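# Coordinate inspection notes
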Amino acid sequence: MDGETPSWLEGDSASPAPTPVPAPEPTSQPEAFDLNQPAPSSEKTARAPITDNIAGSIMNTINTASDKPEKEVDESDLPRVIFIMRLLNLAAAGLLIAVSIVQLVGLPHISVWIMALYATFGGVLVCCLETQLKFIRTSIAMNFGFLFNSVYRFLFYCLMASVSWGY
């Protein structure tokens, strides 16, 4: 032995291989609980189990609701709904710009002034986005791409709401 290799790695080891442990003998009486056997059927197990798992209850509700056929949605009103949403977004952005400019005219404290500037620029950004002019939308897509994702746009609107709430 050269001292560097472990003894179990050497092939000429004189120690015998370990003997396998014999499997336990099956007993005549059944075990109290076995995962491999199906549960016995009875009146109690035939009913739906009562769970305290709220997520499981919600998922069961969703699964049973998705089995029902969905009602057909009339998509003829969709362009009108989108147009109304754009107008409402433009109105909200216009109000945000107007209120923030009124705040700026009064020469408030510097922190309110900075928040009003953020609100003004956010409102202008939303106005430019909602106008649907191609050259403006391209610029917005290149620099403010998060506004084209619904989740990130919602978070931006929440940020603008908190900014306007701050002053």
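Counting starts from 1 at the beginning of each chain's written sequence and moves along it residue by residue. Confidence filtering applies because this is a predicted model: local features only for residues at pLDDT of at least 70, side-chain atom pairs given and counted only at 80 or more, and all residues used for totals across whole chains, interfaces and linings. As a rule here, side-chain values come from all non-hydrogen atoms in the structure, and water together with hydrogens is ignored.

Each helix corresponds to a stretch of at least 4 residues labelled H or I by DSSP, and each strand to a stretch of at least 2 residues labelled E; elements are numbered beginning at the N terminus. Broken down by element type, the chain carries 6 helices and 0 strands. Element order for the chain, N to C, with α for helix and β for strand: α-α-α-α-α-α. Looking at the chain as a whole, 14% of its 167 residues qualify as buried. Here, Shrake-Rupley sampling with a 1.4 Å probe gives the accessible areas, and only protein chains in the shown set may cover a residue. A total accessible area of about 14,400 Å² is found for the chain, and carbon and sulfur atoms account for 65% of it. Here the term buried applies to any residue with accessible area under 20% of the maximum for its type, exposed to any over 50%, and partly exposed to those in between, with areas from a 1.4 Å probe on protein chains only.

Looking now at the packing of aromatic side chains. Centres within 6.5 Å make a pair out of two Phe, Tyr or Trp rings, where for Trp the six-membered ring is used; the pair is then stacked when the planes are under 30 degrees apart, edge-to-face when over 60, and tilted otherwise. Here the structure, examined in full by the defined rule, presents 3 aromatic pairs. Aromatic pair Phe 144 and Phe 146: ring centres 6.4 Å apart, planes at 85°, arrangement edge-to-face. Among the residues examined, Phe 146 registers a relative accessible area of 32% and is labelled partly exposed. Taking the centre distance of 5.7 Å and the plane angle of 55° together, the rings of Phe 146 and Phe 156 count as tilted. Taken together, the residues span a long stretch of sequence, with Phe 146 in the loop between α5 (134-143) and α6 (150-166) and Phe 156 in helix α6 at a distance of 10 residues. Through successive ring pairs, a cluster of aromatic residues spans Phe 144, Phe 146, Phe 156 and Tyr 157.

Turning our eyes to something else, we now look at the packing of helix α4 (residues 110-130) against α6. Axis angles are defined between N-to-C directions and span 0 to 180 degrees, where every axis is a line fitted to C-alpha atoms and, for a helix, only to the segment in contact. The geometry of α4 relative to α6 is characterised by a closest axis approach of 9 Å and an angle of 145° between their N-to-C directions. Between α4 and α6 lies a crossing whose hand is left-handed. Along its contact with α4, which presents Met 115, Tyr 118, Ala 119, Gly 122, Leu 125, Val 126, Leu 129 and Glu 130, the element α6 presents Arg 153, Phe 156, Tyr 157, Met 160, Val 163 and Gly 166. Polar here means any residue outside two lists: the nonpolar Ala, Val, Leu, Ile, Met, Phe, Trp, Tyr, Cys and Pro, and the charged Asp, Glu, Lys and Arg; Gly therefore counts as polar. Split into classes, the residues belonging to the contact of α4 with α6 amount to 10 nonpolar, 2 polar and 2 charged. For a crossing to be left-handed, the near helix must be turned anticlockwise from the far one by less than a right angle; the clockwise case is right-handed. We call two residues in contact when some of their heavy atoms are within 4.5 Å.

This part is about the pattern of salt bridges. In the sections that follow, a salt bridge refers to a side-chain nitrogen of Lys or Arg positioned within 4 Å of a carboxyl oxygen of Asp or Glu. Under the criterion given, the structure shown has 2 salt bridges. Among the ionic pairs, Glu 130 bridges to Arg 86, the shortest N-O distance being 2.8 Å. Remark: Arg 86 occurs in helix α3 (residues 78-105) and Glu 130 occurs in helix α4; sequence separation between them is 44 residues. Taking relative accessible area as the criterion, Arg 86 reaches 25% and is therefore assigned partly exposed. If you follow the salt bridges from partner to partner, you end up with Arg 86, Glu 130 and Arg 153 in one network.

This part covers the packing of α3 against α4. One way to put it is that α3 packs onto α4 with a least axis distance of 8 Å and a crossing angle of 155°. As summarised for this structure, α3 and α4 are arranged roughly antiparallel, according to the angle between their axes. With respect to the hand of their crossing, α3 and α4 are arranged in left-handed fashion. Of α4, the residues touching α3 (which contributes Arg 86, Asn 89, Leu 90, Ala 93, Gly 94, Leu 96, Ile 97, Ser 100, Ile 101, Gln 103 and Leu 104) are Val 112, Trp 113, Ala 116, Leu 117, Ala 119, Thr 120, Gly 123, Val 124, Val 126, Cys 127 and Glu 130. Broken down by class, the residue content of the contact of α3 with α4 amounts to 14 nonpolar, 6 polar and 2 charged. Under this scheme an angle from 65 to 115 degrees is roughly perpendicular, one under 35 degrees roughly parallel, and one over 145 degrees roughly antiparallel; angles in between are oblique.

Moving on to the nonpolar core. Nonpolar side chains tend toward joint burial in soluble globular proteins. What makes a nonpolar core is a set of buried Ala, Val, Leu, Ile, Met, Phe, Trp, Tyr and Cys residues whose side-chain atoms join them at distances within 4.5 Å. Ranked by internal contacts, the top residues of the largest apolar core, which has 16 residues, are Ile 140, Leu 147, Phe 156 and Tyr 167. Breaking this core down by element, the ones donating at least two residues are α3, α4, α5 and α6. Of the residues forming this core, the biggest block, 6 residues, is contributed by α4. Residue contacts for Tyr 167: discarding those within four places in its chain leaves Leu 96, Val 99, Ser 100, Gln 103, Val 112, Met 115, Ala 116 and Ala 119.

For a helix, the expected span equals 1.5 Å multiplied by the number of residues minus one. Over its 21 residues, α4 extends 30 Å from the first C-alpha to the last, a length consistent with the 30 Å expected when each residue adds 1.5 Å. All of the buried residues along α4 are Val 112, Ala 116, Ala 119, Thr 120, Gly 122, Gly 123, Leu 125, Val 126, Cys 127, Leu 129 and Glu 130. For α4, the secondary structure elements touched by its buried residues are α3, α5 and α6. Two residues or fewer past α4, Gln 132 is found with a positive phi of approximately 65°.

Geometry only, nothing functional implied.
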